[in-house]
Amino acid sequence: MSFFSNCPTERCPGRLSGNPLSGLCDKVCVQVKKVFDACMRQAQEDNVTVTLTGLTPANPTYPLNFISARNTSTQAQISSLQVDPIPDRQNLSRVQVTYVIPVEVLYTDANGVEGKGTANVTLSQDVILHVPAPSIMPYEIEAIVSVVSPEGTYVSGNTFNVTFCTTSIIKVVMTVELLIPSYGYATIPPCQEYTQEVCSGFFELPLFPDGEVNG
């Protein structure tokens, strides 16, 4: 039996009434990334050492003056992961994850020339999350991050000590196929083009002024 035929008519009132708006009767199989669990952590990370590479422009005049820093990608790279089920709590596990965040740092050199460089920031979390039961399809752990830096101190060479304001979301995800009800395909309206009509205000004026008729 296919997924299309696996829906009794009595579960679809729209089929019985003939009115598609009275019930959701179409069955659509979609492939999505299902989030089984997620948690968010916001924290201030002090004295994070970052060493810049790929300086633009090259060969700045030292010392450097820190301006700001922020992540260049919201998807962090998982470098270390350990998942341990908690015996007394069904489907809950201790998730220990270390992830790497690419950041871009802006600075000025001793001559006042603005420059930038890239670095990696490594963070770790130890949390409890709902992890699905074993199945053929594996789950994954994702780290979605946003980091910004309000202040930093120059150390030497291309190195700064930086304070980061971090927001990180750890997710337990799996690519699955879900059977969902549907109203059918979406109707896409035509685009409304943006234009600046130079003459629009002029053309809206009356041909002759109102109430100015001379007797």
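Residues numbered from 1 in each chain as written. Predicted model: local features only at pLDDT ≥ 70, side-chain atom pairs only at ≥ 80, totals over all residues. Heavy atoms only, no water.

Engineer: I'm lost on the side chain of Gln 125 in this one. Help?
Structural biologist: As for its placement among the helices and strands, Gln 125 is situated in strand S6 (residues 114-130). Assessed through its relative accessible area of 6%, Gln 125 is described here as buried. With residues up to four places along the chain from it excluded, the contact list for Gln 125 reads Arg 41, Val 95, Gln 96, Val 97, Tyr 99, Ser 168 and Ile 170. (Helix = DSSP H or I, 4+ residues; strand = E, 2+ residues; numbered from the N terminus. Buried < 20%, exposed > 50% of the residue type's maximum accessible area, 1.4 Å probe, protein only. Contact = heavy atoms within 4.5 Å.)

Engineer: Would you take a moment to explain the packing of aromatic side chains for this structure?
Structural biologist: The description of an aromatic ring pair uses the distance of the two centres, along with the angle that the planes make with each other. For the structure on display, the rule yields two aromatic pairs. Ring plane angle 70° and centroid distance 5.7 Å describe the contact between Tyr 154 and Phe 160, whose orientation is recorded as edge-to-face. Joined through ring pairs, the aromatic side chains of Phe 66, Tyr 154 and Phe 160 make up one cluster. (Phe/Tyr/Trp six-rings, centres within 6.5 Å; stacked < 30°, edge-to-face > 60°.)

Engineer: Quick question: what am I supposed to make of the pairing of strand S8 (residues 159-182) here?
Structural biologist: Sheet faces and side chains relate simply in a regular strand, where the side chains alternate between the two faces. Taken together, the 23 bridges between strand S1 (residues 26-51) and S8 define a ladder with antiparallel strand orientation. Within the sheet, the bridge partner assigned to Lys 33 lies in S8 and is Thr 175. Where strand S7 (residues 140-156) lies against S8, 14 bridges are found, and the strand directions are antiparallel. Paired with Gly 152 across the two strands is Val 162, which belongs to S8. As consecutive antiparallel partners, S7 and S8 are separated by two residues, and within that stretch Gly 157 has a phi angle of approximately 55°, a positive value. (Pairing = 2+ DSSP bridges.)

In short, shape yes, function no, at least from these values alone.
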